[in-house]
Amino acid sequence: MITFKLNGLVVEAEKGDTILDVARFYGFPIPTLCHMEGLSPYGACRLCVVEIGEGPQTRLVTSCTYPVQDGLVVRTASERVVRARKMILELLLASCPQSKTIQDLASAHEVR
């Protein structure tokens, strides 16, 4: 078993699980657009970004493709993550303004 911190909570996961898998299991919502059941995750939409690391070593990664590791520190809704998701949604809206799916996601995240 792999042990790491998810939003301050020490959690366990199986080797090969992604951050998205574990976050969903523990009830932490992470929005996705390109992650579909039965398809290989590839992180194209970037909506599922989370922040990993501590201090100046933090970075954003796609949770649908990032495997969990012992000692990992993950934040799914930090200020940096929320800002990044809003920016991504704004770019998606600009590219596909007629998409009902993207409009719904933007409304849920108060982007307009």
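Preceding this paragraph is the structure being described.
Rules of the game
- Residues numbered from 1 in each chain as written.
- Predicted model: local features only at pLDDT ≥ 70, side-chain atom pairs only at ≥ 80, totals over all residues.
- Heavy atoms only, no water.
- Core = buried A, V, L, I, M, F, W, Y, C linked by side-chain atoms within 4.5 Å.
- Buried < 20%, exposed > 50% of the residue type's maximum accessible area, 1.4 Å probe, protein only.
- Helix = DSSP H or I, 4+ residues; strand = E, 2+ residues; numbered from the N terminus.
- Contact = heavy atoms within 4.5 Å.
- Polar contact = N/O pair within 3.5 Å; in protein donor to acceptor, adjacent residues only side chain to side chain.
- Phe/Tyr/Trp six-rings, centres within 6.5 Å; stacked < 30°, edge-to-face > 60°.
- Pairing = 2+ DSSP bridges.
- Axes fitted to C-alpha atoms, helices over the stretch in contact; angles between N-to-C directions.

A. Structural context of the nonpolar core. By size, the foremost hydrophobic cluster in this structure holds 19 residues, and its most contacted members are Phe 4, Ile 19, Ile 52 and Val 74. Residue assignment for this core shows that the elements contributing at least two residues are β1 (2-6), β2 (9-13), α1 (19-25) and β3 (49-52). Of the residues forming this core, the biggest block, 4 residues, is contributed by α1. Setting aside its immediate chain neighbours within four residues, Ile 52 contacts Ile 19, Gln 57, Thr 58, Arg 59, Val 61, Tyr 66, Leu 72, Val 73, Val 74 and Arg 75. Membership of the second largest hydrophobic core comes to 13 residues, among which are Val 49, Ala 84, Leu 92 and Ile 102.

B. Quick peek at the side chain of Thr 58. Along the chain, the position of Thr 58 falls in the loop between β3 and β4 (59-62). In this structure Thr 58 comes out as buried when scored by relative accessible area, which is 19%. In this structure the side chain of Thr 58 is engaged in a polar contact, spanning 3.3 Å, whose partner is the side chain of Glu 51. If near-sequence neighbours (up to four positions away) are discounted, Thr 58 is found in contact with Glu 51, Ile 52, Gly 53, Arg 75 and Arg 80.

C. Just the packing of aromatic side chains, in detail. Here the structure, examined in full by the defined rule, presents 1 aromatic pair. Judged by centre distance (5.1 Å) and plane angle (85°), the rings of Phe 25 and Tyr 26 are edge-to-face. The exposure class assigned to Tyr 26 is partly exposed, which follows from its relative accessible area of 33%.

D. Molecular detail of the sheet that holds strand β5 (residues 73-75). Strands sit in the order β2-β1-β5-β3-β4 across an open sheet of 5 strands; the sheet is mixed. Edge strands, defined here as strands with exactly one partner in the open sheet, are β2 and β4. Taken pair by pair, the neighbouring strands of this sheet meet at an average axis angle of 40°, ignoring direction. Across 2 bridges, the pairing between β3 and β5 is antiparallel. Across the sheet, the residue bridging to Ile 52 is Val 74, located in β5. Here helix α2 (residues 79-95) sits on the sheet and contacts β3, β4 and β5; the angle it forms with β3, its principal contact strand, is near 155°.

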